[in-house]
Amino acid sequence: MALRDTNISRLSTEEFDALIIGGGINGAVSAAALAARGARVALIDARDFAGFTSQQSSNLVWGGIKYMEGYEFGLVAGLCKSRNELLDSFPSTVKEIRFLMTLTRKFRFHPWIIFASTWLYWLLGRGKTRTPRILSMGQIRESEPLIDTSDGRAGVEYSDAFLHDNDARFVFNFVRSAIDKGCAAANYIESRGAMRDSAGHWKTEVKDQISGTTFTIRSKILINAAGAYVDQHNQLCDIETRYQHLLSKGIHLIVPQISENHRVLAFFASDERLFFAIPMANRTCIGTTDTLVHNPQTEVSDEDRDFVLSNINACLNLPKPLQREDVIAERCGVRPLAALKSSGNSLDVKHMSRKHVIEVTDNRMHISIFGGKLTDCLNVGDEICDRVAQLGIELQPAGKWYGEPDAQKRGEFSAGHTQWDSMKSSPATLMRHSANACGDVMPPTQISCSTPSKKI
Ligand SMILES: Cc1cc2nc3c(=O)[nH]c(=O)nc-3n(C[C@H](O)[C@H](O)[C@H](O)COP(=O)(O)OP(=O)(O)OC[C@H]3O[C@@H](n4cnc5c(N)ncnc54)[C@H](O)[C@@H]3O)c2cc1C
């Protein structure tokens, strides 16, 4: 029986401590953290795991230097701490990368203020990364000749981190880790809403999008991690919250590689937001936009394309400006941003906090996760465990529930890897060896899966 079928059978017959709706980053870390602490957990997603917002990000694991302008130093310090923990725990996935920010003469701050800010940022990041440096226009021309320096004043280089493999794969590894610890997870299972039975337990009606069958999942707690669909799902379950989501669309355009330097080029766009050209293997990923939308289903408009292309062309000195025909692929997602309902629906999404909020409806044994970032995911996992424990589920003592195997295990795996060539003549030995390696040493997806699988 395929793993998905086994898990669907478990979903329809077992009772769980918690059912998590949504296998984006928030749902995936919640499942991984709870399963590691011995909770009986179920996780469902209506699409592929990480198939919605969590596969449309800029792939940055960063402290959010731009939030310093809004004086959100607490948020930045927290995000830097998470970034550092991810750098330490996922050395093959999360890697430090240099950002080169070019500042023009008409920019609202003097370069020395920006330079001082990057040092403050470095300090808030506890000095984990390489130190910032200021560059003259001549130094920029020398190291990155494609940057248009005609209106430039100075450059600042600093460090942050990025997801070397990509966001969806990063998320899927948490799903995989949850499954390895007993979580019943299945994709293409859509929740149609839930209600509580007379014993106070949740009964969630779901539809298998592949077979078309419907069934019920029973759980003590319901965790709504449906991202941009959190409010919609809460309505289906008759859950009232203080928070809601405002949605901000962000797009990226993928074009042929514009620079061979493995470095993020940062500029300030015409709307004064930070704007990036990010290395993506032998391509460059350019973006992003930040526009209020009212529907989670969005697509890239000509206006979005022109915004990104005109901004990047204004900053670069390419032999031929980038045109729509140069676009190889596009990414488009909506950021679910946490907002108090009392603040209304007309906040400026560009200036809204990216901080996550976990709202518990105690008397209904219900948890909603609002907002968040990939970078903040470990905190979400830990906080969900705290809330679930407060709701009366007994969890095993907290320990480290995430991360790649330590250097010694990775070394053993690599050493084993070099023996594989000699095993080619004996497929049975090779298969036994690789199965052991998958089970014991490396997270299986790192070996077998380049993108989240459609059916697991
Ligand atoms: C353009 C852009 C750039 C970004 N860049 C960065 C960045 O560089 N770094 C960073 O840290 N963060 C970044 N973010 C933010 C980050 O990507 C998001 O905060 C995060 O991915 C949201 O995760 P989520 O789990 O809340 O939502 P999602 O990933 O959308 O997951 C929710 C899941 O719930 C499922 N679902 C919904 N309804 C149901 C239902 N009824 N039944 C079953 N399943 C359901 C959906 O299918 C979906 O898979 C960016 C976001 C955008 C849009």
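Residues numbered from 1 in each chain as written. Predicted model: local features only at pLDDT ≥ 70, side-chain atom pairs only at ≥ 80, totals over all residues. Heavy atoms only, no water.

A tally of helices and strands in the chain yields twelve helices and 18 strands. Taken over the C-alpha trace, the chain has a radius of gyration of 23 Å; the compact-globule value for 456 residues is 23 Å, and the two agree within 12%. Counting only C-alpha atoms and orienting by the principal axes, one finds that the chain spans roughly 70 × 65 × 45 Å. Among the 456 residues that make up the chain, the fraction classed as buried is 53%. Sequence separation of 24 or more characterises 74% of the internal contacts of the chain that already satisfy a separation of 6 or more. With the model as given, the accessible surface of the chain reaches about 20,000 Å², and the carbon-plus-sulfur share is 50%. Here the chain contributes 52 positively and 52 negatively charged side chains, and the mean placements of these two sets differ by 2 Å. (Helix = DSSP H or I, 4+ residues; strand = E, 2+ residues; numbered from the N terminus. Rg over C-alpha atoms; globule rule 2.2 N^0.38 Å. Buried < 20%, exposed > 50% of the residue type's maximum accessible area, 1.4 Å probe, protein only. Contact = heavy atoms within 4.5 Å. Areas by Shrake-Rupley, 256 points an atom, 1.4 Å probe, with all protein chains shown as cover. Lys, Arg positive; Asp, Glu negative; His and termini not counted. Charge placed at Lys NZ, Arg CZ, Asp CG, Glu CD.)

Within this model, the second largest pocket holds a volume of roughly 720 Å³. For the second largest pocket, the lining is made up of 28 residues, of which K66, M68, E69, G70 and R108 are closest to its centre. At five residues, helix α4 (residues 111-124) tops the list of elements feeding residues into the lining of the second largest pocket. In terms of residue class, the lining of the second largest pocket is built from 14 nonpolar, four polar and ten charged. (1 Å grid on protein atoms, 1.4 Å probe; cavity = no way out; pocket = protein on both sides within 12 Å on 5 of 7 lines; lining within 4 Å. Points joined across faces, edges and corners; volume = space filled by probe spheres on them. Nonpolar A, V, L, I, M, F, W, Y, C, P; charged D, E, K, R; others polar.)

Burial along strand β9 (residues 202-208) is one-sided: W202, T204, V206 and D208 are buried, and none of K203, E205 and K207, which face the opposite way, are. Where strand β8 (residues 189-196) lies against β9, six bridges are found, and the strand directions are antiparallel. Residue pairing for β9: M195 is matched across the bridge by K203. Between β8 and β9, which pair antiparallel in sequence order, lie five residues; one of them, G200, sits at a positive phi of approximately 85 degrees. Of the pairings in the sheet, the one linking β9 to strand β10 (residues 214-224) comprises six bridges and is antiparallel in character. The residue bridging K207 from the neighbouring strand is T214, located in β10. The turn linking β9 back onto β10 is made up of five residues, and G212 within it adopts a positive phi angle of 85 degrees. (Pairing = 2+ DSSP bridges.)

Let us look at the site of the ligand. Surrounding the ligand, one finds 36 residues, the nearest of these being D45, R47, S54, L60 and T375. Within the contact set of the ligand, an oxygen atom lies 3.5 Å away from a backbone nitrogen or oxygen of G24. Here an oxygen atom of the ligand sits 3.0 Å away from a polar atom, N or O, in the main chain of L374. Out of a free accessible area of 1,000 Å², the ligand has 96% covered by protein chains. Residue composition of the shell around the ligand, by class: twelve nonpolar, 19 polar and five charged. (Near = heavy atom within 4 Å. Polar contact = N/O pair within 3.5 Å; in protein donor to acceptor, adjacent residues only side chain to side chain.)

This part is about the nonpolar core. L34, F174 and I223 are the most contacted members of the largest nonpolar core, which totals 76 residues. Excluding residues within four positions of it along the chain, F174 makes contact with I25, A28, V29, A32, F90, C377, L378, W401 and Y402. (Core = buried A, V, L, I, M, F, W, Y, C linked by side-chain atoms within 4.5 Å.)

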